[in-house]
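Spelled out from the first residue to the last, the chains are:
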Amino acid sequence: MEQITFSTDLESNIRLMKAIFQGDNTFVTRRAVGHKGLSCAVFFFDGMVNNIAINQSVVRPIVCSDCERVTADELAGTILQVNDSRVETDTNKLFASFLYGDTVVFTEGDARPVVVNTKGFSVRSANEPENERVLSGPREGFTECFMPNLALIRRRLNDKRLKFTFLRIGTRTNTVVCLCYLAGVCEHKLVSHLRRKLEALEVDSVLDANYLAERIRDHRWTPFPTLGTTERPDVVAARLVEGRIAIVVDGSPVVLTAPFLFQECFQSNDDYYINFLQANLSRVLRVLGFVFTISFPAVYVALLLYHRELVPARLLFAISAAQRGVPLPVGWETLLMLFVLEALKEAGARTPGAMGQTMSIVGGLVLGQAAVSARFAAAPTVIVVAIAGVTGLMVPKLQTAALWLRFALLAAAAAYGLYGVGLILALVLVWLCRMHSCSVPYLLNFVPRVQAEQEDAWLRAPWFFMRHDRFAVKRDLKKGDKP
């Protein structure tokens, strides 16, 4: 922003502010004159402020003042009756606060403005996130309002080591971003690494957490997530206790966490609020579901095209009878049904409310039955694709990776059979072994050279067995690395 200089003449400051915000009908200028001649000008944006706070805590004290003239320090410290008022000489910080809902007050004879916290824009309640519902446990979720989100985190971590570091990113939006971490628990190297990445960004706007996630994540071209995302404050508090760092973006209910490990894709919030036996069974089902959703269609095609001798005779006869009369080869038939499945999922997600769920269910049943009756697809193929679609919903954090791997394995199976499926899976495993998140191996518990202390890895141990944090990796810190 260009340098703006205010003067000691109140009328000049009023004309300057009106010139800066010319054409903005929400910009409001209010003159306030005291009993003994104290003259002030109050500036705010309609709809962004609490009108009652302005009338009772800003305008009324000025009108009732017995002073003839005061300085900006006296105005902020002795006259204005608000809990947060300060003299601001940095014009960038001044306008950043003003545009975010604060009120600016000028007094005659002093060129320094006073910034008063009078934010009052409407926010939604902290309801439970739709995508992260739990059977038991806390029901709160983050909203689009910045400071209430930080309050939700601080309320769960009553620790003086909890630190909030603010940054502003975006030349046009000037969005506030907060790095949250526990000093002494989170490594200083991790905080410095993420801070440097964020400060080096040159972007016009940041309207959501994903604007930052795609720029600062490791391995930008991988479909596997390397940054955690959540809308639940209890999850963020748990990650901070584990020594991780959270990134809160103003205007977004999604909070980023780092580092992020592959095993977290199979973890759920419910795992820590229910019995460990049930939690471990659910985790095993999620792992099997991910394996099924990416490999089941490919294995089905490979067996029918290249390895019929591996299929039991009765099952092979039943599938062959169902395939009789279908015009497409089994590979193209499965590919077409997978495309139909993804189209139904996308249409159901974009259709408002209950209508989308109804359309997805009815559309799937009607289209599946019609395709089988018209001999466009065989019933076994419809069953295989349906199983792949249902099991893919068990691991929502890996839906993107499952989509790409499902089609890649299907192409390999159609070309080379089970050998192609094995080759693609081996390449994916090598790829995952080479990945990392903030210098932490992505497959932490699969790499024997990394010494880790964990009772909560692929299976959750009972709470009475857990002696360490859920994410505790021994690293040698150099002297001076403590935050």
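Let me sum up the structure you'll find in this document. (Residues numbered from 1 in each chain as written. Predicted model: local features only at pLDDT ≥ 70, side-chain atom pairs only at ≥ 80, totals over all residues. Heavy atoms only, no water.)

Brief notes about unusual backbone geometry
Excluding glycine, a negative phi dihedral is what most residues carry, and trans is how most peptide bonds are arranged.
Logical step 1: Note the cis peptide between Ala 258 and Pro 259, where omega equals -5 degrees.
Logical step 2: By the element assignment, Pro 259 lies in the loop between strand S10 (255-258) and helix H9 (276-305).
Logical step 3: One non-glycine residue, Asn 174, lies in positive phi territory at about 50 degrees.
Logical step 4: Here Asn 174 is to be found in the loop between strand S6 (162-169) and strand S7 (175-182). (Helix = DSSP H or I, 4+ residues; strand = E, 2+ residues; numbered from the N terminus.)

With respect to the layout of surface pockets
Logical step 1: Within this model, the second largest pocket holds a volume of roughly 730 Å³.
Logical step 2: Along the walls of the second largest pocket sit 28 residues, with Ala 96, Leu 99, Arg 172, Thr 173 and Asn 174 positioned nearest its centre.
Logical step 3: Of all elements in the fold, only helix H4 (91-99) and S7 reach the threshold of two or more residues within the lining of the second largest pocket.
Logical step 4: For the lining of the second largest pocket, the leading source of residues is H4, giving five residues.
Logical step 5: Counted by class, the lining of the second largest pocket contains 16 nonpolar, seven polar and five charged residues. (1 Å grid on protein atoms, 1.4 Å probe; cavity = no way out; pocket = protein on both sides within 12 Å on 5 of 7 lines; lining within 4 Å. Points joined across faces, edges and corners; volume = space filled by probe spheres on them. Nonpolar A, V, L, I, M, F, W, Y, C, P; charged D, E, K, R; others polar.)

Here we look at the nonpolar core
Logical step 1: With 26 residues, the main nonpolar core has Ile 169, Leu 198, Leu 212, Ile 245 and Ile 247 as its most contacted residues.
Logical step 2: The contacts of Ile 169, once residues within four sequence positions are left out, are Asn 174, Thr 175, Val 177, Leu 198, Leu 201, Val 203, Val 206 and Leu 212.
Logical step 3: Ranked by size, the runner-up nonpolar core spans 22 residues in total, among them Val 395, Ala 402, Val 421 and Val 428. (Core = buried A, V, L, I, M, F, W, Y, C linked by side-chain atoms within 4.5 Å. Buried < 20%, exposed > 50% of the residue type's maximum accessible area, 1.4 Å probe, protein only. Contact = heavy atoms within 4.5 Å.)

Details of helix H8 (residues 233-241)
Logical step 1: Burial analysis of H8 places eight of its nine residues in the buried class, which makes it a mostly covered element.
Logical step 2: Those residues of H8 that fall on the buried side of the exposure criterion are Pro 233, Asp 234, Val 235, Val 236, Ala 237, Ala 238, Arg 239 and Leu 240.
Logical step 3: Buried residues along H8 sit against helix H5 (146-156), S6, S7, strand S8 (228-230), strand S9 (245-249) and S10.
Logical step 4: Note on H8: the residue one or two positions beyond its end, Gly 243, has a positive phi of about 100 degrees.

A word on the packing of helix H11 (residues 330-350) against helix H14 (residues 399-416)
Logical step 1: For the pair H11 and H14, interaxial distance at closest approach is 11 Å and the crossing angle is 165 degrees. With respect to their mutual orientation, H11 and H14 come out roughly antiparallel. For the pair H11 and H14, the sense of crossing is left-handed. Across the interface between the two elements, Thr 334, Leu 335, Leu 338, Phe 339, Glu 342 and Lys 345 from H11 touch Gln 399, Leu 403, Arg 406, Phe 407 and Leu 410 from H14. (Axes fitted to C-alpha atoms, helices over the stretch in contact; angles between N-to-C directions. Parallel < 35°, antiparallel > 145°, perpendicular 65-115°, else oblique. Left-handed = near helix turned anticlockwise from the far one by under 90°.)

Description of the packing of aromatic side chains
Logical step 1: Summed over all chains, the structure comprises 18 aromatic pairs.
Logical step 2: With a centroid separation of 5.3 Å and 80 degrees between ring planes, the pair formed by Phe 21 and Phe 45 is classed as edge-to-face. Of this pair, Phe 21 sits in the loop between helix H1 (10-20) and strand S1 (27-33) while Phe 45 sits in strand S2 (residues 39-45); the two residues are 24 residues apart in sequence, bridging distant segments of the chain.
Logical step 3: By relative accessible area, Phe 21 is classed as buried at 11%.
Logical step 4: Accessibility expressed as a relative area gives 6% for Phe 45, which makes it buried.
Logical step 5: Measuring from centroid to centroid gives 5.9 Å for Phe 224 and Phe 262, while their planes differ by 75 degrees, and the two rings are edge-to-face. Note that Phe 224 is positioned in the loop between helix H7 (209-216) and S8 and Phe 262 in the loop between S10 and H9, a separation of 38 residues in sequence.
Logical step 6: By relative accessible area, which is 7% here, Phe 262 ends up buried. (Phe/Tyr/Trp six-rings, centres within 6.5 Å; stacked < 30°, edge-to-face > 60°.)

Quick word on the packing of H5 against H8
Helix-helix packing is described using two parameters, namely the angle between the two axes and the distance between the axes.
Logical step 1: Between H5 and H8, whose axes approach to 9 Å, the crossing angle comes to 55 degrees. As judged from the angle between their axes, H5 and H8 are oblique. H8 is crossed by H5, and the crossing has right-handed handedness. Where H5 approaches H8, its residues Leu 152, Ile 153 and Arg 156 are matched on the opposing element by Pro 233, Asp 234, Val 236, Ala 237 and Leu 240.
Logical step 2: Tallied by class, the residues present in the contact of H5 with H8 amount to six nonpolar, no polar and two charged.

Things to note about the sheet that holds S10
Logical step 1: The five strands are arranged S6-S7-S9-S10-S8 in an open sheet whose pairing can be described as antiparallel. The open sheet is flanked by S6 and S8, the only strands paired with a single partner. Across this sheet, the average inter-strand angle for adjacent strands is 25 degrees, counted without regard to direction.
Logical step 2: With four bridges connecting them, S7 and S9 associate as antiparallel partners. The partner of Cys 180 across the bridge, within S9, is Ala 246.
Logical step 3: The sheet contacts of H8 involve S6, S7, S8, S9 and S10, and relative to S7 the element is tilted by about 50 degrees. (Pairing = 2+ DSSP bridges.)

What to know about the sheet that holds strand S4 (residues 103-107)
Logical step 1: With respect to topology, five strands assemble into an open sheet ordered S1-S2-S4-S5-S3, the strand pairing being antiparallel. Either end of the sheet is taken by a strand with one partner, and the two such strands are S1 and strand S3 (85-87). On average, adjacent strands in this sheet sit at an angle of 25 degrees to one another, irrespective of strand direction.
Logical step 2: The sheet contact formed by S3 and strand S5 (residues 114-116) spans three bridges and is antiparallel. The residue of S5 that forms the bridge with Arg 86 is Val 115.
Logical step 3: Here helix H3 (residues 72-79) sits on the sheet in contact with S2, S3, S4 and S5, set at roughly 165 degrees to S3.
Logical step 4: Here H4 sits on the sheet in contact with S1, S2, S3, S4 and S5, set at roughly 60 degrees to S2.

Quick notes on the pattern of salt bridges
Logical step 1: Inspection of the entire model under this criterion finds 22 salt bridges.
Logical step 2: A salt bridge links Arg 232 to Asp 234; the nearest nitrogen and oxygen atoms lie 3.1 Å apart. The pair formed by Arg 232 and Asp 234 is uniform in burial state, with each residue classed as buried.
Logical step 3: A single network of salt bridges, built from pairs that share partners, joins Glu 128, Arg 133, Arg 139, Arg 232 and Asp 234. (Salt bridge = Lys/Arg side-chain N within 4 Å of Asp/Glu carboxyl O.)

These figures come from the coordinates and say nothing about function on their own.
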